[in-house]
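Results of the structural survey
Letter by letter, the chains look like this.
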Amino acid sequence: MVEVRLEPTAPGDPLYALTGPEKAVVYGCPEAGDITVSGGRSSPLGAALAMLRDTLDVTAPRRHGFG
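As a starting point, this report considers the structure included with it. Residue positions are given per chain, counting from 1 as you read along its sequence in written order. Under the rules for a predicted model, residues below a pLDDT of 70 receive no local features and side-chain atom pairs below 80 are neither given nor counted, while totals for whole chains, interfaces and linings still include all residues. To obtain the side-chain values, all non-hydrogen atoms of the structure were included, while hydrogens and water were left out.

1. Quick look at the layout of surface pockets
The probe, sized like a water molecule, is rolled over the atoms to show the empty space still left. Test applied: Each cavity reported here is a set of points on a 1 Å grid over the protein atoms alone in which a 1.4 Å probe fits but cannot get out, each pocket an open set with protein on both sides within 12 Å along at least five of seven lines, and each lining residue one with an atom within 4 Å of a point. Grid points are joined across faces, edges and corners, and a volume is the space filled by probe spheres set on the points. To qualify as a helix, a DSSP run of H or I must reach at least 4 residues; to qualify as a strand, a run of E must reach at least 2; elements of each kind are numbered from the N terminus. Ten residue types, Ala, Val, Leu, Ile, Met, Phe, Trp, Tyr, Cys and Pro, are classed as nonpolar, four, Asp, Glu, Lys and Arg, as charged, and the remainder, Gly among them, as polar.
Here the largest pocket is characterised by a volume of approximately 1300 Å³. In terms of lining residues, the largest pocket is bounded by 34 residues, among which Glu 3, Val 4, Arg 5, Val 25 and Val 26 are the most central. Of all the secondary-structure elements, those providing two or more residues to the lining of the largest pocket are β1 (23–29), β2 (33–39) and α1 (44–59). By residue number, the principal contributor to the lining of the largest pocket is α1, which donates nine residues. The residue inventory of the lining of the largest pocket, partitioned by class, reads 21 nonpolar, six polar and seven charged.

Laid out in structure tokens, this is it:
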């Protein structure tokens, strides 16, 4: 399941310190815990589209392993 939402963050949260066009995403994985991926500054629209593409790519069915 993929869920996208806006929510407030507090100090100590890995997303709290993001400013301006910085970007990050948290993948919740029951087996491994939360995995946070962050990147540098870029176009907010470009960053949002790239993160959406990456999320869809990660969740797409695979025919043969990870390739």
